[in-house]
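Coordinate inspection notes
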Amino acid sequence: MEFGNTKIKKHRLTIGGCDCLELAQKYGTPLYVFDVDYAASVAKAYVDVLKREYPDFTVCYASKAFCCTGIYELLAPLGLGADVVSGGELYTALRGGMSADKIYFHGNNKTEAEVKYAIENGVECFVVDSERELTLISRYAKKPQNVLVRVNPGVEAHTHRFIQTTLVDSKFGFSIADGSAEEIIISISKYNNINFCGLACHIGSQIFEKQSFEIAIDKVTDFIVKLNKSGINVERLDLGGGYGIKYVEGDSPLTPKEYMQNTARYLKNAVKEKGIAPPRLIVEPGRSIVGEAGITLYTVGAIKTIKDVKTYAAVDGGMFDNPRPSLYDAAYTAVVVDRADEIATDKYSIAGKCCESGDVLIDGIELPHLLEGDILAVMSTGAYHYSMASNYNRNAVPPVVAVKDGKSCYMVKPQTYEDIARNDAKIEF
Ligand SMILES: *Cc1c(COP(=O)(O)O)cnc(C)c1O
């Protein structure tokens, strides 16, 4: 049971020095709990390795993994920048104290309003993903706006698998292989208020194999050589995120230090071998900073056995606080918080409370015999949970409680029914 810095003390699960049963009693369930020291330690690990291995760098936290003002208040003082993909994420980052000159704006279809808003607020860099975006930027930029171009190196990676193709079908990026990346980069010289700074790619998520990143570096640096020959300089290289975390026993991702050390060294070598100027390295870890910092606490309600099939234990959360199992069969593990090291005797499917048959959080897990009222902790829920939560079935999005050194406080306050209905308007023609 090693997820983030959670610990079992006298059979009870603790996080950030807080007892999980007491957290559930104090704040109610469902509840997201977030260990700020764990997230900070991972963020620091990224920064520290790069300081040693590749001093010209920026670590941009990928906001989409977990976006609320508190996360920027935590990460900005550690020297991190942020990657945002919408006006809403940008607003939250600025409000959380992230400096605009450390913000990279991604997205394949930024709206005109978003482009205008980002320029007015002095965002450091756009990661351009369409010709239309160049037109929009040019319309509003009063001084030369830095941009990277999102390229598609033809590597796609997920957990233990990666595929290499010459043409990846993706809505993101311009293909290097078919010449469209070079075309758009050359077209930027038409705009006197847009400044081409370099390339960005992001090859996937929850990647365990360093080889995927190495192949991406090979392809992108080959492309830099080609651009250099056409007289185009590449000052920055954004390699995206995708570093994996542990969700279930048996997952064994590299440590952030190992991922970064390998990336930095591999890039340094490639640059040297190919005789290109070392670009500023930008990395954008999202999941790996916040994923294992979070757990979700639920209360077990109805337990129902379907003879000779399975036993469902239903909890007071579900796809509204965690859509990942129904979206892409994501796997999780869980523990009973006050019997965390008790031997598993029974098998359960942990069901959510939404009106969808597919709302099952864990389909088959061995646990001690469950009773109504037991508090269950699902592990590694800090990334892509709160940020993906919805009000489906008009369930309230659970609050997020930050924990540190045995203390706890809200990081995101609870939603009330009134909050949920706040924007409902009366039909009046
Ligand atoms: C999603 C995304 C990230 C973060 O990915 P993780 O797997 O959470 O590390 C970084 N950069 C870009 C462009 C992304 O789309």
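Everything that follows concerns the structure shown earlier in this document.
The following refers to the structure shown. (Residues numbered from 1 in each chain as written. Predicted model: local features only at pLDDT ≥ 70, side-chain atom pairs only at ≥ 80, totals over all residues. Heavy atoms only, no water.)

**Looking at unusual backbone geometry**
The line we're drawing: Under the DSSP-based scheme used, a helix requires at least four consecutive residues in state H or I and a strand at least two consecutive residues in state E, with every element numbered from the N terminus.
Residue Pro30 is reached from Thr29 by a cis peptide bond, and omega for that bond is -5 degrees. Examined against the element boundaries, Pro30 turns out to sit in the loop between helix H1 (20–27) and strand E4 (31–35). Residue Gln206 is not a glycine yet carries a positive backbone phi of 50 degrees. Looking at where Gln206 falls in the secondary structure, it is placed in strand E14 (residues 204–207). Phi is positive for Asp308, close to 60 degrees, though the residue is something other than glycine. Looking at where Asp308 falls in the secondary structure, it is placed in the loop between strand E17 (294–306) and strand E18 (310–315).

**Details of the site of the ligand**
What counts is decided by this rule: Any residue with a heavy atom lying within 4 Å of a molecule or strand is counted as near it. Here a polar contact is taken to be a pair of N or O atoms separated by no more than 3.5 Å, where protein atoms must pair a possible hydrogen donor with a possible acceptor and residues adjacent in sequence count only if both atoms sit in side chains. The Shrake-Rupley method, run with a 1.4 Å probe sphere, supplies the accessible areas, and residue values consider only the shown protein chains as cover. A cavity here means a set of points on a 1 Å grid, drawn over the protein atoms and nothing else, where a 1.4 Å probe fits but cannot get out; a pocket is an open set with protein on both sides within 12 Å along at least five of seven lines, and a residue lines either one if it has an atom within 4 Å of a point. Each molecule is checked against the cavity or pocket grid, and it sits inside if more than half of its atoms lie within 2 Å of the grid points.
Taken together, 14 residues surround the ligand, and among them Lys64, Ser205, Glu284, Arg287 and Tyr384 come closest. Take Lys64: an N or O atom from its side chain is 2.7 Å from an oxygen atom of the ligand. Measuring from an oxygen atom of the ligand, one finds a backbone N or O atom of Gly242 at 2.8 Å. Within the complex, the protein chains bury 94% of what would otherwise be the 390 Å² of accessible surface of the ligand. If you map the ligand onto the pockets, it falls in the largest pocket.

**Concerning the packing of aromatic side chains**
For any pair of aromatic rings, the description rests on two quantities: the centre-to-centre distance and the angle between the ring planes. We count it as follows: Here a pair means two rings of Phe, Tyr or Trp (six-membered ring of Trp) with centres within 6.5 Å. Their orientation is stacked below 30 degrees between planes, edge-to-face above 60, and tilted elsewhere. For the exposure calls, accessible area comes from a 1.4 Å probe over protein chains only, and a residue counts as buried if that area is under 20% of its type's maximum, exposed if over 50%, partly exposed in between. Only lysine NZ and arginine CZ atoms are considered, and such an atom sits over a ring when it is within 6 Å of the ring centre and within 35 degrees of the ring normal.
Under the counting rule described, the total for this entry stands at 11 aromatic pairs. Ring plane angle 50 degrees and centroid distance 5.8 Å describe the contact between Tyr46 and Tyr243, whose orientation is recorded as tilted. Of this pair, Tyr46 sits in helix H2 (residues 36–53) while Tyr243 sits in the loop between strand E15 (236–238) and helix H9 (256–274), placing them 197 residues apart in sequence. Exposure class is identical for Tyr46 and Tyr243. Each is buried. Through successive ring pairs, a cluster of aromatic residues spans Tyr32, Phe34, Phe66 and Tyr386. For Lys246, the ring lying beneath its charged end belongs to Phe3, and the centroid distance is 4.7 Å.

**Description of the side chain of Asp251**
Using the following cut-off: None of His or the chain ends enter the tally, which takes Lys and Arg as positive and Asp and Glu as negative. Salt bridge criterion: a side-chain nitrogen from Lys or Arg within 4 Å of a carboxyl oxygen from Asp or Glu. Throughout, a residue-residue contact means that at least one pair of heavy atoms, one from each residue, lies within 4.5 Å.
Checked against the element boundaries, Asp251 lands in the loop between E15 and H9. Of the side chains bearing the opposite charge, Lys246 lies closest to the buried Asp251, which forms no salt bridge; the N-O distance is 8.1 Å. A polar contact of 2.9 Å, which involves the side chain of Asp251, links it to the backbone nitrogen of Tyr247. Residues in contact with Asp251, not counting those within four places in the same chain, are Gln206, Phe208, Ile245 and Lys246.

**Notes on the sheet that holds strand E2 (residues 12–15)**
The cut-off we apply is this: For two strands to be treated as a pair, DSSP must find at least two bridges joining them.
Within the open sheet, the three strands sit side by side as E1-E2-E3. Their pairing is antiparallel. Each edge of the open sheet carries a strand with a single partner, namely strand E1 (7–9) and strand E3 (18–19). Of the strand pairs in this sheet, E2 and E3 are connected by two bridges, and their pairing is antiparallel. Looking at the pairing, Ile15 lines up with Cys18 of E3.

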